[in-house]
Amino acid sequence: HEIELEVDYNRYNNNENTFTDYTGEFAPVAFEETVDRTEKTLLTNLDYVNPLTETTKLEAGAEVRLRRTDNNYDTTNENLQDVFYTYDRNIYSFYATYGQELGKWSYQLGGRLENYNVEAAREGENIYEDDYFTLYPSAYVTFSPGEKNSFQLSYSRRVDRPSLGQVNPVRQLSTPRLTVSGNPSLRPQFTNSVELNYTKKINKTTLSAAVFYRMINDEISQIIKTDPERPEHIILTFDNVGDNDSYGIELSGNFTPLHFW
């Protein structure tokens, strides 16, 4: 039996001061910007491994991930506003996997149950919040007819969450007519994957070929839209644009000419 506990705490602070001066066919623009950002993160992970027999193993664990970010934005640009923006994200999860070897066959079943909570506030007023549970299953089965080749069929569901820059609504001027802004109501992107893989070992070479299919839900993408307050300007931001399917073939090889290379 093995029990492992990990605790990480980080505090990050960044202060940026910039001066911008535009000249050209549009009206001259000169202004100053100050961005003060503080981020605190806490990760606590508890893992348990139990080799039930020589051919079976059970793993389980729990994890807590907390993140709070404060952004204070000040500017002298009359077209932009001073903003104090906070973004809190808490993730609580429990996971378990069970694996077994049966001669030339082996398999593993797993699942991760997760509670995702996020709150975004601007000038102390909530502008977005979400709280939900999600299950992420995974499974694979492997057939090894010999020591030098194997087949594996696998399925998994994973999540890609938006970065802080993608959800931060503080507008920052990129050009006189282009504004960059995040989307605080951006939802995570989920991917369901099915893959069939074949691996062959030939002396010092390992070859691998895979056929895969991936279904992406709520895909996150960069978009451009017209500024509703200034129709002659455009905004570069992010949104969940819909679902996307992809499939293909992957080939890879690994060669070891010497034991250290």
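For the structure itself, look to the data block above.
The structure contained in this document is the topic of the report that follows. Everything numeric in this text was worked out from a predicted model, so none of it was measured.

## Quick word on a nonpolar patch on the surface
Here comes step 1: The grouping of Leu102, Trp105, Val141, Leu153, Val194, Leu196, Val211, Tyr213, Met215, Tyr247, Ile249 and Leu251 at the surface amounts to a nonpolar patch, some 1200 Å² of accessible area in total.
Here comes step 2: When contributions to the nonpolar patch are tallied by element, the ones reaching two or more residues are strand E10 (189–202), strand E11 (205–217) and strand E14 (244–255).
Here comes step 3: Residue placement: Leu251 occurs in strand E14.

## Some details on the sheet that holds E14
Here comes step 1: Spatially, E1-E2-E3-E4-E5-E6-E7-E10-E11-E14 is the arrangement adopted by the 10 strands of the open sheet, whose pairing is antiparallel. Pairing within the sheet leaves two strands with one partner each, and these edge strands are strand E1 (2–22) and E14. When strand polarity is set aside, the average angle formed by the axes of neighbouring strands in this sheet is 10 degrees.

## Some details on the pattern of salt bridges
Here comes step 1: Applying the stated rule across the entire model yields 13 salt bridges.
Here comes step 2: The salt bridge partner of Glu39 is Arg37, with a shortest N-O separation of 2.6 Å.
Here comes step 3: The partly exposed category is assigned to Arg37, whose relative accessible area is 26%.
Here comes step 4: With a closest N to O distance of 3.5 Å, Arg230 and Asp227 form a salt bridge. An identical accessibility class is assigned to Arg230 and Asp227; each is buried.
Here comes step 5: Through salt bridges with shared partners, one network takes in Glu63, Arg65, Arg112, Glu114 and Arg161.

Scoring rules and cut-offs
Residues numbered from 1 in each chain as written. Predicted model: local features only at pLDDT ≥ 70, side-chain atom pairs only at ≥ 80, totals over all residues. Heavy atoms only, no water. Patch = residues over 30% accessible without salt bridge, like charges linked within 9 Å, V, L, I, M, F, W, Y side chains within 5 Å. Areas by Shrake-Rupley, 256 points an atom, 1.4 Å probe, with all protein chains shown as cover. Salt bridge = Lys/Arg side-chain N within 4 Å of Asp/Glu carboxyl O. Helix = DSSP H or I, 4+ residues; strand = E, 2+ residues; numbered from the N terminus. Pairing = 2+ DSSP bridges. Axes fitted to C-alpha atoms, helices over the stretch in contact; angles between N-to-C directions. Buried < 20%, exposed > 50% of the residue type's maximum accessible area, 1.4 Å probe, protein only.

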